[in-house]
Amino acid sequence: MMVLLNTQDGHISRKVPIGIRTVAGILLMFGQPAWSASEDNMLFHFTDPSHFTKWLINNDTVMGGISQSKVEINQQVLLFTGSVSLENNGGFASIESNYKHQIIDQSELSLTVKGDGKTYQIRLKSPNLSYGEAYVANFTTSPNTLTQHTFIPADFTVNFRGRKVANAPALDFNDIDRVGFLVAQKQQGPFLIELHSMQFNR
């Protein structure tokens, strides 16, 4: 396993090569309860309906764009795929779900994903924000490689329609009630990301 500091995204990325042991570990992980033996380490799966509600799609079509996307479950992995188009002032595709569990006194969030080499954005929402605002952080995937991306609250900024919001409340993981993912940044063309799990640690 390689541990790299991603200067572009400003957070630590642990890049885990795909192999038999890795796949076996993932399958074993899905058989474990969401709350681990220790409350210091909480693990949640994007495909588990007891963790998240139905995932909803929100593309640039709401603004006249023509980007397309879909979300489906593939072998206990949430698969977010589609194609981003810059036509008609478009350029993004996204999904979002309500989060069903209370996070208590956690200071670190880790994502486990398998991507296509493109940069994606994780989006967290809470009742402390105004409508349409979100806490956002970018992470860059590696093609055909299972990677773990770790964030602390300071890695997130508050955005509204792609612009930073000044004087917004600081992120507190305890307040999260919605989680989403977005692909944009003029990355036109097909995209594919497997969303495996989200883990909180103290």
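In the block above lies the structure referred to throughout.
The following refers to the structure shown.

Quick notes on the rules
Residues numbered from 1 in each chain as written. Predicted model: local features only at pLDDT ≥ 70, side-chain atom pairs only at ≥ 80, totals over all residues. Heavy atoms only, no water. Phe/Tyr/Trp six-rings, centres within 6.5 Å; stacked < 30°, edge-to-face > 60°. Helix = DSSP H or I, 4+ residues; strand = E, 2+ residues; numbered from the N terminus. Buried < 20%, exposed > 50% of the residue type's maximum accessible area, 1.4 Å probe, protein only. Core = buried A, V, L, I, M, F, W, Y, C linked by side-chain atoms within 4.5 Å. Contact = heavy atoms within 4.5 Å. Lys, Arg positive; Asp, Glu negative; His and termini not counted. Salt bridge = Lys/Arg side-chain N within 4 Å of Asp/Glu carboxyl O. Polar contact = N/O pair within 3.5 Å; in protein donor to acceptor, adjacent residues only side chain to side chain.

### Some details on the packing of aromatic side chains
Scanning the entire structure with this criterion turns up 17 aromatic pairs. A ring pair is formed by Y99 and F200, whose centres lie 6.4 Å apart and whose planes are at 50°; its orientation type is tilted. Here Y99 is found in the loop between β7 (93–98) and β8 (108–114), whereas its partner F200 is found in strand β15 (residues 189–201), with 101 residues between them in sequence. In this structure, Y99 and F200 share a single accessibility class: buried.

### Topic: the nonpolar core
One finds L111, I122, L124, F181 and F200 to be the most contacted residues of the largest nonpolar core, which totals 36 residues. Broken down by secondary-structure element, the contributors of at least two residues to this core are β3 (41–45), β6 (77–84), β7, β8, β9 (119–125), β10 (133–140), β14 (178–183) and β15. It is β15 that contributes the most residues to this core, 5 residues altogether. Leave out the neighbours within four places in its chain, and L124 touches L109, L129, A134, Y135, F156, L171, F173, I176, R178 and V179.

### Observations concerning the side chain of E194
Position of E194 among the secondary structure elements: in strand β15. K114 is the oppositely charged side chain nearest to the buried, salt-bridge-free E194, at an N-O distance of 4.6 Å. A polar side-chain atom of E194 sits 3.2 Å from a polar atom in the side chain of H196. Filtering out sequence-adjacent residues up to four positions away, E194 remains in contact with V77, L78, L79, T112, V113 and K114.

### Let's talk about the environment of I176
As for its placement among the helices and strands, I176 is situated in the loop between β13 (163–164) and β14. Separated by 48 residues in sequence, I176 and N128 place their C-alpha atoms 9.3 Å apart. Apart from residues no more than four positions distant in its own chain, I176 is found in contact with Y99, L124, K125, S126 and F200.

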